[in-house]
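For reference, the chains in residue letters:
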Amino acid sequence: MRKAGRGKSVGTAWIWAAVAPECRLTLAAQVGNRNLYAARRLLRAVRHCLAKDTWPLFTSDALRHYAHVLLEVFGVWQRPTPTGKPGRPKHPVRIPHPLLGYAQVEKRRKRGRVVEVSRSIVFGPEQEMLARAQGLRCANGRKGHINTAYVERQNLTLREENGRLSRKTLAFSKKRREIQHQLDFWRAYANFVRPHRSLRVLAPNGSGPRRGLPRTPAMAAGLSEHVRTMEALLKFRHWIYQPY
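**What to know about the pairing of strand β9 (residues 113-123)**
Argument step 1. The pairing of strand β8 (residues 101-110) with β9 spans nine bridges and is classified as antiparallel. Bridge pairing links Y102 to F123 in β9.
Argument step 2. Hairpin geometry of β8 and β9 is characterised by an intervening segment of two residues between the two adjacent antiparallel strands and by a positive phi of about 55° at R111.

Below you can see the structure in the form of structure tokens.
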């Protein structure tokens, strides 16, 4: 995405997104540079969306900032045991919470094509993390595995539905503020208004359509009881996330 403004040089920006694959709910979407500050903003927003005692399995690419920020947001303080020896005591350090799980997926490309995919467990017991990943079934019924396919598919949908991300057109965004507003609106629309095909359920007593009843990600996450309309979305301002 190009960025331009009065008195500012043209640069690039990144779209940061976090998705809950179980219900296809977009937890956060924001614009920022590919640095530690943007990663901190994203994971703090994700933490704000989660319940107090919820510990999901986080997966991401190999960007080093994620592990650092996960320790800040989801880690716990550990105070070293006093040794009884003279000298200044050691400072407390951040360690991963016992229930915190984090895995990275690194893709190596050659001439624009993915030639190798490597997965590594950063936080959490390996066997337990693999079992949690297998619990998330794929669309074809097979066991799940550690991957970033859901958020990558979400990025594709975002590019298809948001003209501000189109390249070599007059629709591209000139300011980050405007594309952030568009992302907030799109996230509310994708979560509450647009039904997701993979979330359909059979109607009770077989009274519904053959393909199942439509559900939105918000309905699958228990945040809504029915498919919202665009009119209701535009009238209810609190649906759109306001970045802090």
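Having put the structure on the table, let's press on.
**Some remarks on helix α4 (residues 149-161)**
Argument step 1. In this model, α4 (13 residues) spans 18 Å end to end at C-alpha, consistent with the 18 Å of a helix rising 1.5 Å per residue.
Argument step 2. Residues of α4 that are buried: Q154, T157 and L158. Buried positions in α4, seen along its axis, are confined to an arc of 100° and lie on one side of it.
Argument step 3. Those residues of α4 hidden inside the fold are in contact with β3 (14-20), β4 (25-32) and α5 (176-192).

**Observations regarding the packing of aromatic side chains**
Argument step 1. Throughout the structure, instances matching the rule amount to four aromatic pairs.
Argument step 2. Pairing W16 with Y66 gives two aromatic rings, centres 5.9 Å apart and planes at 65°, and the pair type is edge-to-face. Taken as a pair, W16 in strand β3 and Y66 in helix α2 (residues 65-74) lie far apart in primary sequence, 50 residues in all.
Argument step 3. On the accessibility criterion, W16 (3% relative accessible area) is buried.
Argument step 4. On the accessibility criterion, Y66 (14% relative accessible area) is buried.
Argument step 5. Relative to F74, the ring of W55 lies with its centre 6.1 Å away and its plane at 65°, an arrangement referred to as edge-to-face. In this pair, W55 is assigned in the loop between α1 (36-49) and β5 (57-60) and F74 in helix α2, connecting sequence segments 19 residues apart.

**Section: the nonpolar core**
Argument step 1. Core analysis: the biggest nonpolar cluster contains 25 residues, and W16, V46, F58, Y66, L70, F74 and Y102 have the highest contact counts within it.
Argument step 2. Contributing elements (two or more residues each) for this core: β3, β4, α1 and α2.
Argument step 3. Residue contributions to this core peak at six residues, all from α1.
Argument step 4. Of all hydrophobic cores here, the second largest spans eight residues; its members include A13, V31, L158 and A190.

Conventions adopted
- Residues numbered from 1 in each chain as written.
- Predicted model: local features only at pLDDT ≥ 70, side-chain atom pairs only at ≥ 80, totals over all residues.
- Heavy atoms only, no water.
- Pairing = 2+ DSSP bridges.
- Helix = DSSP H or I, 4+ residues; strand = E, 2+ residues; numbered from the N terminus.
- Expected span 1.5 Å × (residues − 1).
- Buried < 20%, exposed > 50% of the residue type's maximum accessible area, 1.4 Å probe, protein only.
- Arc of directions from axis to C-beta.
- Contact = heavy atoms within 4.5 Å.
- Phe/Tyr/Trp six-rings, centres within 6.5 Å; stacked < 30°, edge-to-face > 60°.
- Core = buried A, V, L, I, M, F, W, Y, C linked by side-chain atoms within 4.5 Å.

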